[in-house]
Every structure is written in structure tokens, then in C-alpha cells.
Amino acid sequence: DTGVSQNPRHKITKRGQNVTFRCDPISEHNRLYWYRQTLGQGPEFLTYFQNEAQLEKSRLLSDRFSAERPKGSFSTLEIQRTEQGDSAMYLCASSLDSAINGYTFGSGTRLTVV
Amino acid sequence: GENVEQHPSTLSVQEGDSAVIKCTYSDSASNYFPWYKQELGKGPQLIIDIRSNVGEKKDQRIAVTLNKTAKHFSLHITETQPEDSAVYFCAGTMNTGFQKLVFGTGTRLLVSP
């Protein structure tokens, strides 16, 4: 296990379609985060899991977005009825459940909605 | 909530020169400040971090300083090399049980040979 793995790396979809992204965190990390990054900006927090429990959601995560982490292992982020404004890099990160640790980010999934 | 401002947005230096990137934060309760390096097509990579009980931390050519009173922190890269060229992000967070990082807008560093 060499890091956080995200699939697919790139996704082009038509407006209105649903898309799902997958994140496989570092195996011993029980915290998992999703961030969104638009061009020229820093990553923005979307949601956080501790094991299988989704404990925090940003206001950025509209009703069209849903994230799951069954069994506390991999996570999926689904966007329903995609809009052009959803075009961004979706980043997953993981960390250990200790006082303060740095995140390890994956390489992201770049979504383009046409 | 926390707000992190970062400058400059772009920084061009000659190989061997030093580079300094500065960030300010708004929430005095923030106590953890990581720096990330992001190369094209990759996710951010943690390069150094500092906690609020420390004023300075150094790791080889990279150092970070923190001024809690002024609520600003800086990244210093000495003896820059072309492979240091990337986008650098600062971030801040409170230790509230989980880390919700608030990122700056990034600095594009270009090191010319």
C-alpha cells in the first residue's frame, strides 16, 4: 500500500448524468476526507468520515452529492444530475486517528461536465 | 470560520535563490498549519507543518515560521532548484476532533535554471 488511490483519474460526462468516484485510503488510516479543487484555487472541504461514519458535511455538498464509506474502508462520492459547475478536481485524503496528523492526498479525479 | 490568505500568487526566482511565501489566518483558535506542494496532475503533498506551540521548524532546505500574535506564518525555501517549481498551498485548522483544513489560494513558484 503506497498511498491514497483514486479512480478514475479523469471523467468526462454530459450534463445531467450521474457519476461516481472511488477512493481507497491508506489501509491503516481510519479518517477519510473529500475535497474539491477548482482551477487556480486551493482545495475546499466537502466531507469527512471516521471509519464508516460520515461526521461532517460542508454546505458545498448539495443534495445532489452523496458520499459513503461502507465498512470503513474505501469511499465513494456520487454526483447526481451533474451540472457544468461541478467540473473540478475531486481529491480524497486520509489520516490516522491521532491528535494531529497531516493528510495524505490522492492524485484526484478530474471531472469535466460538458 | 477560518480564512487563510496567501501571497504572492506567483513567484519567480533563479536557481539557488531563496523563496518566501506568506500566509495569514483569521481564527486565533487555529493551531496546526501544514504546507503542501502540488505538481501538475497530482494531489497536494505535505512538505512541512507547524503547530502553534512552536515558532519555527526546519527540514533541510525548507523552514516554516509562525507568529501567533500577528496570525501569520511563512514558508522559506533556500537554495531553490528547478524541481521546486510547483504550486504551494498553506492551510490552517483547529484541533476540533478532526482536521478540516482551510487552504490558501496557492503560490505558483517557478525556479529558472
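Everything here concerns the structure above.
Parameters at a glance
- Residues numbered from 1 in each chain as written.
- Chains lettered and ligands numbered in written order.
- Predicted model: local features only at pLDDT ≥ 70, side-chain atom pairs only at ≥ 80, totals over all residues.
- Heavy atoms only, no water.
- Pairing = 2+ DSSP bridges.
- Helix = DSSP H or I, 4+ residues; strand = E, 2+ residues; numbered from the N terminus.
- Axes fitted to C-alpha atoms, helices over the stretch in contact; angles between N-to-C directions.
- Salt bridge = Lys/Arg side-chain N within 4 Å of Asp/Glu carboxyl O.
- Buried < 20%, exposed > 50% of the residue type's maximum accessible area, 1.4 Å probe, protein only.
- Contact = heavy atoms within 4.5 Å.
- Buried area = accessible area lost by both parts, 1.4 Å probe.
- Polar contact = N/O pair within 3.5 Å; in protein donor to acceptor, adjacent residues only side chain to side chain.
- Nonpolar A, V, L, I, M, F, W, Y, C, P; charged D, E, K, R; others polar.

### What to know about the sheet that holds strand S3 (residues 19–24) of chain A
All names here are of chain A. Taking strand neighbours across the sheet as the criterion, the four strands line up as S1-S3-S8-S7 in an open arrangement whose pairing is antiparallel. The open sheet is flanked by strand S1 (5–7) and strand S7 (65–68), the only strands paired with a single partner. The mean inter-strand angle of the sheet, taken between neighbouring strand axes irrespective of direction, is 15°. Relative to strand S8 (residues 75–79), S7 runs antiparallel, the two being bridged by four bridges. Paired with serine 66 across the two strands is glutamate 78, which belongs to S8.

### Focus: the pattern of salt bridges
All names here are of chain A. Scanning the entire structure with this criterion turns up eight salt bridges over all chains. Where glutamate 83 meets arginine 64, a salt bridge forms, and the shortest distance between an N and an O atom there is 3.4 Å. One end of the pair, glutamate 83, is in the loop between S8 and strand S9 (88–95); the other, arginine 64, is in the loop between strand S6 (53–57) and S7, with 19 residues separating them in the sequence. On the accessibility criterion, glutamate 83 (41% relative accessible area) is partly exposed.

### Here's the deal with the interface of chain A and chain B
The interface of chain A with chain B comprises 21 residues on the first partner and 20 residues on the second. Carbon and sulfur atoms make up 55% of the area that chain A and chain B hide from each other, which totals about 1,700 Å². Taken together, chain A and chain B are joined by zero salt bridges. Linking chain A with chain B are four residue pairs in polar contact (both at pLDDT 80 or more). Those elements that provide at least two residues to the side of chain A that touches chain B are strand S4 (31–37) and strand S5 (44–50) of chain A. The biggest single contributor to the side of chain A that touches chain B is S4 of chain A, with four residues. Partitioning the side of chain A that touches chain B into residue classes produces ten nonpolar, eight polar and three charged.

### Considerations on the environment of alanine 63 of chain B
All names here are of chain B. Within the element layout of this structure, alanine 63 appears in strand S7 (residues 62–67). Residue class for alanine 63 comes out buried when judged on its relative accessible area of 11%. Taking the C-alpha atoms as reference points, alanine 63 and serine 74, eleven residues apart in sequence, are found 8.2 Å from one another. Each residue touching alanine 63, except ones within four places of it in the same chain, is listed here: Ile48, Lys57, Lys58, Ser74, Leu75 and His76.

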